[in-house]
Amino acid sequence: MNRILILVNITGFIIGISYGLHGPILPVFAKNIVGATYSELGLIGLANFIPYMFIPLFVGILLDRINNGFLLALGAAINSASIYLLSIAHSAPEIMGFRIMTGVAHAFFWPPCESIISNQSSEKDRVKNISWFTMFFVIGFMIGPLLGTVFLEGLDITYRILFQITAFILATAIITALLVSKKKVRIHHERISFSSVKEMKRFPEVIVLLIFCTSSFGIILTIYPAFLNDNGMNDTDILLLYFVFGISRVVSLALAGKLARKTSQTLIAATIAVSVGLTISVVADSLITFGIALVLMGFGFSIFFPLTLEIILSRTSKKVSGKIIGAYETVFGLGWAIGPTIGGPITQSFGNHTPYLIFGIIGIGVTILAIISRRKLEPQRVLN
């Protein structure tokens, strides 16, 4: 692995720690300290993800024209500021405003990293290298909740101080991002366009799977911690559950290279795992059963990312890979926005178990689609 890939992985690890450190606790903070309702939790999630429906398109254009390391450093700086500002939030609208910043920042984190990895990888190693990067991010996301337990239980600090500590940890990623920027990147002087959005229309089956997966993932990131809290899980329980969730994701990503040999079968298994995990959540009533649900969903959510990206990149010329990555991430943003937008009001109106039952049923339909379309869910090779 070359120096640039190592620096990108370290950057992902640092940002992963910061996300794991504050992410699972934020919905609990919003509900118990700020007094947010489930509908407001959904809006907070929407505020976080809605920029990701649009900003990656612009970032994708910039990826082929500007040093990707500079874009990555900008994302880390904005992200750090947005998390620090959570420590002074006293209302749901304030949290929403700061989460909009986080969503913008995330668009300057993930696509540049994907672009750098793609440019530094051969077709043979691309899935492996993207999986390794994602695994480093998830390892950080897994360690974050453990650190959160130490800070909240061992050192008895407040949620607000936790957000400030998280912001300073994330800020160190600016350094590694700037080190990445010292490497000269390939620049394409092409006419700016949004043709990449049309390119994504070539992958309707992938888009459906992605929207289901990311919608479900959005609920697990924004509403599920509060749902766990209402079902008797305390702060430590929630952080430990997300640690287990992280372990499942790390193991899945470590196996991604081997699982990529049977891409369509793996994606079918992933949709089944997510659907079963969501359904178990409906009847779960203990740390163990919630843990089983999160282990299943951790596998499904994690394996989706490198395999679906590989399907798309394997059919795309490298000279426009930046723009197609931006369009791909926009689909992610759409799904992430749909999940909290639907999940919050459904929870508020019909009970906190309802969204998991509904998405579990939808998952069955998506699984059937994946089985029918399995030939279209295999990577192909194009001339670059």
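Worth saying up front: this structure is predicted, and the values here are computed from it rather than measured. (Residues numbered from 1 in each chain as written. Predicted model: local features only at pLDDT ≥ 70, side-chain atom pairs only at ≥ 80, totals over all residues. Heavy atoms only, no water.)

It is worth spelling out the overall build of the protein at this point. Looking only at helices and strands, the protein has 19 helices and 0 strands in total. Taken over C-alpha atoms, the radius of gyration comes to 19 Å for the protein, in line with the 21 Å a tight globule of 384 residues would show. Counting only C-alpha atoms, the protein reaches 55 × 45 × 35 Å along its principal axes. For the protein, the residues scored as buried account for 60% of the 384 residues in total. A sequence separation of at least 24 residues applies to 87% of the contacts in the protein between residues at least 6 apart. Here the protein has roughly 14,400 Å² of accessible surface; of this, 69% comes from carbon and sulfur atoms. Averaging the locations of the 28 positively and 18 negatively charged side chains of the protein gives two centres separated by 15 Å. (Helix = DSSP H or I, 4+ residues; strand = E, 2+ residues; numbered from the N terminus. Rg over C-alpha atoms; globule rule 2.2 N^0.38 Å. Buried < 20%, exposed > 50% of the residue type's maximum accessible area, 1.4 Å probe, protein only. Contact = heavy atoms within 4.5 Å. Areas by Shrake-Rupley, 256 points an atom, 1.4 Å probe, with all protein chains shown as cover. Lys, Arg positive; Asp, Glu negative; His and termini not counted. Charge placed at Lys NZ, Arg CZ, Asp CG, Glu CD.)

For the pair helix α1 (residues 3–22) and helix α7 (residues 110–119), interaxial distance at closest approach is 10 Å and the crossing angle is 155°. Taken as axis vectors, α1 and α7 run roughly antiparallel relative to one another. Between α1 and α7 the crossing geometry is left-handed. In contact with Ile4, Leu5 and Val8 of α1, α7 contributes Cys113, Ile116 and Ile117. Of the residues assigned to the contact of α1 with α7, the class counts are 6 nonpolar, no polar and no charged. (Axes fitted to C-alpha atoms, helices over the stretch in contact; angles between N-to-C directions. Parallel < 35°, antiparallel > 145°, perpendicular 65-115°, else oblique. Left-handed = near helix turned anticlockwise from the far one by under 90°. Nonpolar A, V, L, I, M, F, W, Y, C, P; charged D, E, K, R; others polar.)

Within the element layout of this structure, Glu329 appears in helix α18 (residues 321–350). Distance from Glu329 to Ile55, taken between C-alpha atoms, is 9.2 Å for residues 274 residues apart in sequence. Other than its neighbours up to four places away in sequence, Glu329 contacts Tyr52, Pro56, Trp110, Pro111, Glu114 and Phe305.

With that out of the way, let us pick up the side chain of Ser281. Position of Ser281 relative to the elements: it lies in helix α16 (residues 263–283). The class for Ser281 is buried, based on a relative accessible area of 0%. Within the structure, Ser281 has its side chain in polar contact with the side chain of Tyr224 (distance 2.8 Å). Setting aside residues up to four positions removed in sequence, Ser281 forms contacts with Tyr224, Phe227, Phe290, Ala293, Met297, His353 and Tyr356. (Polar contact = N/O pair within 3.5 Å; in protein donor to acceptor, adjacent residues only side chain to side chain.)

The next subject is the packing of aromatic side chains. Under the criterion given, the structure shown has 20 aromatic pairs. Summarising the aromatic geometry, the rings of Trp110 and Phe133 are spaced 5.1 Å apart at their centres and angled 55° between planes, so their arrangement reads as tilted. Taken together, the residues Trp110 in helix α7 and Phe133 in helix α8 (residues 126–154) connect sequence positions 23 residues apart. Accessibility expressed as a relative area gives 8% for Trp110, which makes it buried. (Phe/Tyr/Trp six-rings, centres within 6.5 Å; stacked < 30°, edge-to-face > 60°.)

Two side chains bearing opposite charge may form a pair once their charged atoms approach each other closely. A full pass over the atoms with the stated rule returns 1 salt bridge. Between Lys31 and Asp230 there is a salt bridge, and its shortest N-O distance comes to 3.2 Å. Separated by 199 residues along the polypeptide, Lys31 in helix α2 (residues 26–34) and Asp230 in helix α13 (residues 224–230) bring together distant segments of the chain. Judged by its relative accessible area of 17%, Lys31 is buried. (Salt bridge = Lys/Arg side-chain N within 4 Å of Asp/Glu carboxyl O.)

Further remarks concern helix α3 (residues 38–49). Counted at 1.5 Å a residue, the expected span for α3 with its 12 residues is 16 Å, and the 17 Å between its end C-alpha atoms agrees. In terms of burial, α3 is largely enclosed, as 9 of its 12 residues are buried. Taken together, the buried positions of α3 are Tyr38, Leu41, Gly42, Ile44, Gly45, Leu46, Ala47, Asn48 and Phe49. (Expected span 1.5 Å × (residues − 1).)

Glancing now at the nonpolar core. Core analysis: the biggest nonpolar cluster contains 117 residues, and Ile95, Ile220, Tyr224 and Met297 have the highest contact counts within it. Dropping the residues within four chain positions of it, Met297 is found in contact with Ile220, Tyr224, Phe245, Ala273, Val274, Gly277, Leu278 and Ser281. (Core = buried A, V, L, I, M, F, W, Y, C linked by side-chain atoms within 4.5 Å.)

Let's shift gears to the environment of Thr176. Within the secondary structure layout, Thr176 lies in helix α10 (residues 173–181). Discounting residues that sit within four places of it in the chain, Thr176 has contacts with Leu7, Ile10, Thr11 and Ile14. A polar contact of 2.7 Å, which involves the side chain of Thr176, links it to the side chain of Thr11.

Before going further, it helps to spend a moment on the packing of α7 against α8. Two numbers describe how α7 lies on α8: the axes approach to 9 Å, and their chain directions differ by 145°. As for the relative orientation of α7 and α8, their crossing is right-handed in sense. Of the residues in α8, those in contact with Trp110, Cys113, Ile117 and Ser118 of α7 are Arg126, Asn129, Ile130, Phe133, Thr134 and Phe137. Per-class residue counts for the contact of α7 with α8 are 6 nonpolar, 3 polar and 1 charged.

So, on to helix α12 (residues 204–222). Every α-helix carries 3.6 residues per turn, so stepping three or four residues along brings you back to the same face. Over its 19 residues, α12 runs 27 Å from end to end, which matches the ideal 27 Å to within 8%, given 1.5 Å per residue. Here α12 lies mainly inside the structure; 14 of its 19 residues are buried.

Turning our attention to the side chain of Ser252. Secondary-structure assignment places Ser252 in helix α14 (residues 235–254). A distance of 2.8 Å separates a polar side-chain atom of Ser252 from the backbone oxygen of Ser248. With residues near it in sequence (within four places) discarded, Ser252 still touches Leu259, Gly298, Phe299, Ser302 and Ile303.

Okay, a nonpolar patch on the surface next. Taken together, Ile50, Phe54 and Phe58 make up a surface patch of nonpolar side chains, about 290 Å² in accessible area. For Ile50, the location among the structural elements is in the loop between α3 and α4 (55–63). (Patch = residues over 30% accessible without salt bridge, like charges linked within 9 Å, V, L, I, M, F, W, Y side chains within 5 Å.)

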